[in-house]
Amino acid sequence: MTTAIRAELTKQGHRSASWLLLGIGTLLTVTFGYLVPYVGLSDGSAARGLDAMLPGNFVGAAVGGLPVFVGALALIFGVLVAGSEYGYETWKAVLVQDPSRVRVYTAKLATIAAGTLTGVLVLFTATALCSVGVASLEDQAIVWPSAVDIATGLGGAWLMATMWAALGVALAIVLRSVALPIGLGLVWMLAVQNLLAAIAAPLVPAIADLQKYLPGPNAGALAASLGASPQAPGVDAIVGAGHATIAVAAYLVAFCGIGGWLLHRRDIT
Amino acid sequence: MSFAVETTKLTKRYGSTPAVDQLSITVREGEVYGFLGPNGAGKTTTLRMLLGLIRPTSGSLTLFGERPRGLARVGALIEGPTFYPYLSGRTNLRVLADHAGVSRRRVDEVLELVDLTDRAAEVFRTYSLGMKQRLGLAAVLLKDPDLLILDEPTNGLDPAGMADMRQTIRRLAEDGRTVLLSSHLLAEVEQICDRVGVLHKGKLLIETTVAELTSGGGSLRVTATPADTAYTVLTAVVGADHVHADNEVFELDVPATEAARINAELVAAGVSVSELRWLQPALEDMFLQLTGVES
Ligand SMILES: Nc1ncnc2c1ncn2[C@@H]1O[C@H](COP(=O)(O)OP(=O)(O)OP(=O)(O)O)[C@@H](O)[C@H]1O
Ligand SMILES: [Mg+2]
């Protein structure tokens, strides 16, 4: 098992796309969490935003992208991890070396978990550094959140990122490719979720109820409970933290299960 | 007699049409077995079933006398080599060694075996087809397998590359490994295989030794002058039924082993022989013959 995981980590680690996704996720989070608000701040137009940029709130800034855009990047990562084996036609090469599909698939899941953990740690480090930067520029005291809050934030962020990556894995296996799962995944995350939340839910009560059980709004509520700004896309406390955590975890399990089940029973042609 | 591979009524259907139909073959330990058939015969489908990549619709198979549990003793290359294009040859093999549960130290050994050590640091995407195929063979050898399953191993190679690959396969067999390879080239199977199973439209037509397979078809071509004397001699030697004449070119329905005797008779009669050549039966002709369809 450990060498199977090492195989997957080698495949992903040597791939510039994996690191590019990480870089873009960090850049977007820092830009919209610190750079843009800070420029607004020095214009004097948004003075009340300063608090959100100080070290005490860096966890919220770090998790703010996960319901939508950082989540979308995690989904792309998941698609690449599983779908590339179809794209490069390498499933057969792997499975003649190790015919245990359970082991190969488990190694893939371990790899997406390692990848999303790396991503989340980088996001937390980057936002922490930015918050220190803002505090020193603005002559504010550096007061960190409690260790428990940081750990909870990390855990929640990791859960959300892994859930989206697992959706990517499941889509890649269902559709046996790379391009279509990324396309459909992004349409869902960036367009459909938005339409549901902004247009459909306010009009149709049934859809508003349904929102409480979809992955995106639950991730949004989880991020809100971790301190993300409600101005970040998708962040909205429509359900409590406990409900949101359970829902996101349930989707994670479901996505992993769908992918594994299909990979197990289908022919590799 | 122990079998490296044995299939019993192995069948794979796609919809209602069988790609492989009630196939029963046996590959003996230590032999090179050729799986011969034209495009679409079901060769790849069968090999994929042996490897657990696709599930048989019905029938059963054993590897080394047991229902396959893992592929620890098997190395395989199916439908051409596929690797991660952005990784070097060496890193690709390391990844596959990790999947196989084989020490990464084995990678340099197999690179040496296929003569790719010098180019192993280069990215796979930049490899020539011949190098890709050699890297594919290196991956097959990672587990130091007792059974090699090779799907059209010479496909796409130039003549030198083909000869090289065939020689390598023979050498691997001489080390005591069993090789099951598929091909659509009769001449190739004839060169490297001990036994052959001929597949056509998913069905096994015949399973036999290579010598027996090629003894049926084929003809001896003789070009000789003067033509009339040659004709007289040839009809006397092999019988008029077996001589097809076209000016000074004759095609004789005789076994290849008759060539020397025929040549001697012609020369003794004062005929000058400018060509004496064994013509392989075309694979298609052989199939027609085996399926009993008139050409
Ligand atoms: N996934 C599939 N779905 C439907 N039909 C298939 C599938 N795979 C193979 N077939 C059919 O099964 C038959 C056998 O195909 P197979 O690839 O095994 O032939 P082959 O002997 O390997 O041919 P080739 O020499 O062209 O490689 C073909 O008619 C093919 O169209
Ligand atoms: Mg084939």
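Participant: Quick one: what's the story with the overall build of chain A, residue by residue and with numbers?
Facilitator: A tally of helices and strands in chain A yields 12 helices and 0 strands. Tracing chain A from N to C terminus, the helices and strands come up as α-α-α-α-α-α-α-α-α-α-α-α. What you see for chain A is a C-alpha radius of gyration of 19 Å, in line with the 18 Å of a compact globule of 269 residues. For chain A, the C-alpha atoms occupy an extent of roughly 60 × 45 × 30 Å along the three principal directions. Taking all 269 residues of chain A together, the buried fraction comes to 49%. Put simply, 79% of the contacts in chain A that link residues at least 6 apart link residues at least 24 apart. When the accessible surface of chain A is totalled, it reaches about 11600 Å², and 71% of it is carbon and sulfur.

Participant: Give a detailed account of helix α9 (residues 179–203) of chain A, specifying residues and quantitative values.
Facilitator: All names here are of chain A. Here α9 contains 25 residues, and its C-alpha end-to-end distance of 33 Å stays within 8% of the 36 Å for a straight helix at 1.5 Å per residue. Largest kink in α9: about 35°, centred on L196. In this fold, the buried residues of α9 make contact with α5 (69–87), α8 (147–175), α10 (205–211) and α11 (215–225).

Participant: Tell me about the interface of chain A and chain B, and please be specific about residues and values.
Facilitator: Listed per partner, the contact involves 29 residues of chain A and 32 residues of chain B. Roughly 2600 Å² is buried in total at the junction of chain A and chain B, and carbon and sulfur atoms are behind 56% of that figure. It is A:K92, A:V96 and A:Q97 that lose the most area in chain A upon contact with chain B, and together they represent 27% of the buried surface on that side. At the boundary of chain A and chain B, one finds 2 salt bridges.

Participant: For the site of ligand 1, give the residues involved together with the corresponding values.
Facilitator: Close contacts around ligand 1 come from A:T269, B:Y14, B:A19, B:P38, B:N39, B:G40, B:A41, B:G42, B:K43, B:T44, B:T45 and B:E152, and that covers them all. Positioned at a junction of chains, ligand 1 has nearby residues supplied by chains A and B. Interatomic distance of 2.6 Å between a side-chain N/O atom of B:T44 and an oxygen atom of ligand 1. Measuring from an oxygen atom of ligand 1, one finds a side-chain N or O atom of B:T45 at 2.5 Å. Ranked by the residues each element gives to the shell around ligand 1, the list is headed by helix α1 (residues 43–50) of chain B, at 3 residues. Among the residues making up the shell around ligand 1, the classes are represented as 4 nonpolar, 6 polar and 2 charged.

Participant: Give me the sheet that holds strand β14 (residues 272–279) of chain B: which residues, what numbers.
Facilitator: Residue and element names in this part refer to chain B. Taken together, 4 strands build an open sheet; the order of strands is β12-β13-β11-β14 and the sheet is antiparallel. Each edge of the sheet is formed by a strand with only one pairing partner; in this case those strands are β12 (243–246) and β14. Averaged over all pairs of adjacent strands, the angle between strand axes in this sheet comes to 20°, irrespective of strand direction. Relative to β14, strand β11 (residues 219–225) runs antiparallel, the two being bridged by 7 bridges. Among the inter-strand pairings, V222 is bridged to a residue of β14, identified as L276. Where helix α9 (residues 259–268) meets the sheet, it contacts β11, β13 (249–252) and β14, and its direction lies at approximately 165° from that of β14.

Quick notes on the rules
- Residues numbered from 1 in each chain as written.
- Chains lettered and ligands numbered in written order.
- Predicted model: local features only at pLDDT ≥ 70, side-chain atom pairs only at ≥ 80, totals over all residues.
- Heavy atoms only, no water.
- Helix = DSSP H or I, 4+ residues; strand = E, 2+ residues; numbered from the N terminus.
- Rg over C-alpha atoms; globule rule 2.2 N^0.38 Å.
- Buried < 20%, exposed > 50% of the residue type's maximum accessible area, 1.4 Å probe, protein only.
- Contact = heavy atoms within 4.5 Å.
- Areas by Shrake-Rupley, 256 points an atom, 1.4 Å probe, with all protein chains shown as cover.
- Expected span 1.5 Å × (residues − 1).
- Bend = angle between axes of the 7 residues up to and from the residue.
- Buried area = accessible area lost by both parts, 1.4 Å probe.
- Salt bridge = Lys/Arg side-chain N within 4 Å of Asp/Glu carboxyl O.
- Near = heavy atom within 4 Å.
- Polar contact = N/O pair within 3.5 Å; in protein donor to acceptor, adjacent residues only side chain to side chain.
- Nonpolar A, V, L, I, M, F, W, Y, C, P; charged D, E, K, R; others polar.
- Pairing = 2+ DSSP bridges.
- Axes fitted to C-alpha atoms, helices over the stretch in contact; angles between N-to-C directions.

Honestly, that's just the spatial picture; any functional story needs more than this.
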